[in-house]
Amino acid sequence: GVQTCALPIFDTACSSSLSALSAAKDCLRSGHGIRETLVAGSEIIHGPNALILRSVANMLSRDGRCKTFNATADGYIRGEGSGAVLIKFANDAEEARCAVVAELKCAVINQDGKSATLTAPNGPSQEEVVSQALRESHASPQAVNAVECHGTGTKLGDPIEVGALKAVLGRGTPENVPQVQLAAGKSNTGHLEGAAGMAGLLKVFSCLQHKEVPPNVHFAKLNPHISLGPRLVVPQSLTALPQKNALMGVSSFGFGGTNTHA
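A brief structural summary.

## Notes on the pattern of salt bridges
The tally for this structure, following the rule as stated, stands at 12 salt bridges. Between D26 and K25 there is a salt bridge; the shortest N-O distance is 2.8 Å. On the basis of relative accessible area, K25 is assigned to the buried category, the value being 9%. Of the charged contacts in the structure, one is a salt bridge between K203 and E148, with a shortest N-O distance of 3.0 Å. A residue pair is termed long-range when its members are at least 10 positions apart, and K203 in helix 7 (residues 196-210) and E148 in strand 4 (residues 146-148) qualify at 55 residues. Assessed through its relative accessible area of 15%, K203 is described here as buried. Classification of E148 by relative accessible area gives buried; the value is 4%.

In structure tokens form, the structure reads like this:
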């Protein structure tokens, strides 16, 4: 007597898998008796056309490195991968003695509206999606320890993303609130595009399990168009998280303007 249902496939470009996570969260909270959902994201490179189009648009790194937040950032590299998570109510997980890796506070989604160009992010929309996530989580901006950023390593996208995070999370000083580590898994794996949000989510789980944030590779000097302020930092070595109640966010933004944050 187990009832199952299929959620739709989401294609919001690079934010697809976190868009699916947001829908799955809403499905659990809908009151229709659904107790658990499986969320997956996958990306495969098949054929040269997409690579050629991105190359012509100057979106790809010339040296095959995704240098997120670095002064020499000149684009991203494409990656492949798949991942999946099972989400269910906390009391059900406890009763089933599941190995719980994290508590999902929220997963929210918004849209840029009319954009200047396909690849031009909207900073205020990114601010709003992070702010909305904090409101739904009943969490203070000062409680956030780290964010797994969208962080593609592009000259335009990186400064806009950090500017939005600074506006929402940058208040206070390290003396009275924790610093926010700006993590960027794409510097390791490249940009998994449709599966990028899932890759970021799985990295967050790993950080919370190990109680530390790894350094971003290919980072040596901050992009001069980025201002971090006193609270935001780019990790350059293993950085400890609190042993209890560590709070991390993960962002995933699609070109064309579908923004997600969990």
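## Some words on the environment of S17
Take S17: it is sitting in helix 1 (residues 16-28). Spatially, the C-alpha atom of S17 lies 25 Å from that of D74, the residues being 57 residues apart in sequence. With near-sequence residues (within four places) excluded, S17 lies in contact with V39, A40, G41, G194, A195, A196, G197 and M198. Only 3.3 Å separates the side chain of S17 from the backbone oxygen of G194, close enough to count as a polar contact. Within the structure, S17 has its side chain in polar contact with the backbone nitrogen of M198 (distance 2.9 Å).

## Focus on the state of the cysteines
Scanning all chains against the criterion turns up zero disulfides. Counting only cysteine sulfurs, C27 is the nearest neighbor of C98, a cysteine outside any disulfide, at a range of 18 Å. Cysteine C106 shares no disulfide, and the gap to the nearest cysteine sulfur, in C149, comes to 16 Å.

## A few points about the sheet that holds strand 5 (residues 180-183)
A sheet is described by the order of its strands in space; here six strands give the open sequence 3-10-9-4-5-7, paired in mixed fashion. The sheet terminates laterally at strand 3 (108-111) and strand 7 (232-233), the two strands that pair on one side only. Contacts between helix 4 (residues 123-137) and the sheet are confined to strand 3, strand 9 (248-253) and strand 10 (258-261), with strand 3 contributing the most and set at about 155 degrees to the helix.

## So, unusual backbone geometry
Phi is positive for H218, close to 60 degrees, though the residue is something other than glycine. Inspection of the secondary structure puts H218 in the loop between strand 6 (212-213) and strand 7. With a phi angle near 60 degrees, N245 is a residue other than glycine that sits in the positive phi range. Secondary-structure assignment places N245 in the loop between strand 8 (239-240) and strand 9. With a relative accessible area of 76%, N245 lands in the exposed category.

## Concerning the environment of E103
Mapped onto the fold, E103 is located in the loop between helix 3 (90-95) and strand 3. The spatial distance from the C-alpha of E103 to the C-alpha of S251 is 16 Å, given a sequence separation of 148 residues.

## Some points on the pairing of strand 2 (residues 81-88)
Because side chains alternate across strand 2, one face comprises the buried residues G81, G83, V85 and I87, and the other comprises S82, A84, L86 and K88, none of which is buried. Both strand 1 (residues 36-43) and strand 2 contribute to a ladder of eight bridges, which runs antiparallel. By the bridge assignment, V39 is partnered in strand 2 with V85.

## As for the pairing of strand 5
The side-chain alternation of strand 5 yields two buried faces, one formed by V180 and L182 and the other by Q181 and A183. Sheet topology note: the strand 4/strand 5 ladder contains three bridges and is parallel. Within strand 5, the position partnered with E148 by the bridge is A183. Handedness of the crossover is the feature at issue here: the chain leaves strand 4, passes through helix 5 (residues 157-169), returns alongside strand 5, and the resulting connection is right-handed. Note that strand 5 and strand 7 share two bridges and pair parallel. In the strand pairing of strand 7, Q181 is matched with V233.

## Re the side chain of S251
Tracing the chain through its elements places S251 in strand 9. Beyond its immediate stretch of four places on either side in the chain, S251 contacts L18, V147, E148, C149, H150, E161, T260 and H261.

## Some thoughts on the side chain of K186
Its location among the elements puts K186 in helix 6 (residues 186-189). Salt bridges are absent for the buried K186, whose nearest opposite-charge side chain, E148, sits at 5.9 Å. Polar contacts involving the side chain of K186 include one to the main-chain carbonyl oxygen of H150, which spans 2.6 Å. The residues contacting K186, other than those within four sequence positions of it, are C66, C149, H150, G151, T152, H191 and A196.

The rules behind these values
- Residues numbered from 1 in each chain as written.
- Predicted model: local features only at pLDDT ≥ 70, side-chain atom pairs only at ≥ 80, totals over all residues.
- Heavy atoms only, no water.
- Salt bridge = Lys/Arg side-chain N within 4 Å of Asp/Glu carboxyl O.
- Buried < 20%, exposed > 50% of the residue type's maximum accessible area, 1.4 Å probe, protein only.
- Helix = DSSP H or I, 4+ residues; strand = E, 2+ residues; numbered from the N terminus.
- Contact = heavy atoms within 4.5 Å.
- Polar contact = N/O pair within 3.5 Å; in protein donor to acceptor, adjacent residues only side chain to side chain.
- Disulfide = S-S within 2.5 Å.
- Pairing = 2+ DSSP bridges.
- Axes fitted to C-alpha atoms, helices over the stretch in contact; angles between N-to-C directions.
- Right-handed = clockwise from strand over helix to strand, strands pointing away.
- Lys, Arg positive; Asp, Glu negative; His and termini not counted.

Scope: geometric values only; no functional claims are made or implied.
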